[in-house]
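Chain residues, written in single-letter form:
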Amino acid sequence: MTAPVAAPLRKMPSYQLIRSEIEANILGGIWPPGSRIPAEHQLAGKFGCSRMTVSKAISALADAGLVLRRKRAGTIVARPRMHSAVLDIPDIQAEIIASGKAYRFMRLRESTAAPPTAADWPTTIAVLHLRGVHLANGVPFAFEQRWINLATVPMAADADFAASSPGSWLLDHVPWTAAENRISAITADAAIGRHLALPANAACLCVERRTWRGADHITFVRQIFPGDTYDLTARFGPPA
């Protein structure tokens, strides 16, 4: 029997091949945010091309926001940022520490379960479900429920969330390419009131966030803050 003939591959410019491989390493978590990628002369040797070709590939990645080029420091994998978010919501752990207060994340429960309906995820996704309270100087700052897609982030199953909050851990280990925020006002039910030391029906701020890496879901989180202790500020100006 005659062996089938493979269809000819579409040829891509060398810089696109280099960009694709670097991008795959970044989005696949092989090179996490903050890590330094190989120097241009090393990549040129690996791919058998000129440094100019490598530089073009890295420039394209920098334009896409995946890497930062720094003089004498090399090229660094960029940390996630919300470029187009109306409200930039900081990492809770970093915010509390920056305010000079002691931070602690008190885990209440974790389990593997179906994703929440609000996340709009396929029901077949295996997720890690975390519940906990962010504390500032021992006082409840926010109650959090978080679902992490274990197919996209399998290392989350073994992560030590006592050493770092789930949100901080994800920012340090898992790059994402898109995010969505939903902010609403709610009243505390009995469970939320108990976790946040609030009276029944107290006013609260609810922030829901979804993140993706390409087409893959990463996390869905619902954070609830006491309404009188947290605010979100955005500054706007006329269009150029």
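My aim in this report is to walk through the structure given alongside it, one point at a time.

Calculation notes
- Residues numbered from 1 in each chain as written.
- Predicted model: local features only at pLDDT ≥ 70, side-chain atom pairs only at ≥ 80, totals over all residues.
- Heavy atoms only, no water.
- Phe/Tyr/Trp six-rings, centres within 6.5 Å; stacked < 30°, edge-to-face > 60°.
- Helix = DSSP H or I, 4+ residues; strand = E, 2+ residues; numbered from the N terminus.
- Buried < 20%, exposed > 50% of the residue type's maximum accessible area, 1.4 Å probe, protein only.
- Lys NZ or Arg CZ within 6 Å of the ring centre and 35° of its normal.
- Pairing = 2+ DSSP bridges.

## Re the packing of aromatic side chains
Counted by the stated rule, this structure contains 3 aromatic pairs. Centre to centre, the rings of Trp147 and Phe220 are 5.6 Å apart; their planes meet at 40°, and the pair counts as tilted. With Trp147 in strand β5 (residues 139-149) and Phe220 in strand β8 (residues 216-226), this residue pair connects regions lying 73 residues apart in the sequence. Of the two residues, Trp147 and Phe220, both sit in the buried class. A centroid spacing of 5.7 Å and a plane angle of 80° characterise the contact between Phe161 and Trp169, whose relative ring orientation is edge-to-face. Across the pair, exposure class does not vary: Phe161 and Trp169 are buried alike. The aromatic ring of Tyr15 is capped on one face by Lys56, whose charged end is 4.1 Å from the ring centroid.

## Some words on unusual backbone geometry
Positive phi, close to 55°, is recorded for Asn137, a residue that is not glycine. Tracing the backbone shows Asn137 in the loop between β4 (127-136) and β5. Positive phi outside glycine occurs at Asn201, with the angle close to 65°. Relative to the assigned elements, Asn201 resides in the loop between α6 (190-196) and β7 (203-213).

## Side note on the pairing of β4
In terms of burial, β4 is a largely internal element, 10 of the 10 residues being buried. Of the two faces of β4, the one lined by Val127, His129, Arg131, Val133 and Leu135 and the one lined by Leu128, Leu130, Gly132, His134 and Ala136 are each fully buried. Taking the residues between adjacent antiparallel strands as the criterion, β4 and β5 are bridged by 2 residues, where Asn137 takes a positive phi near 55°.

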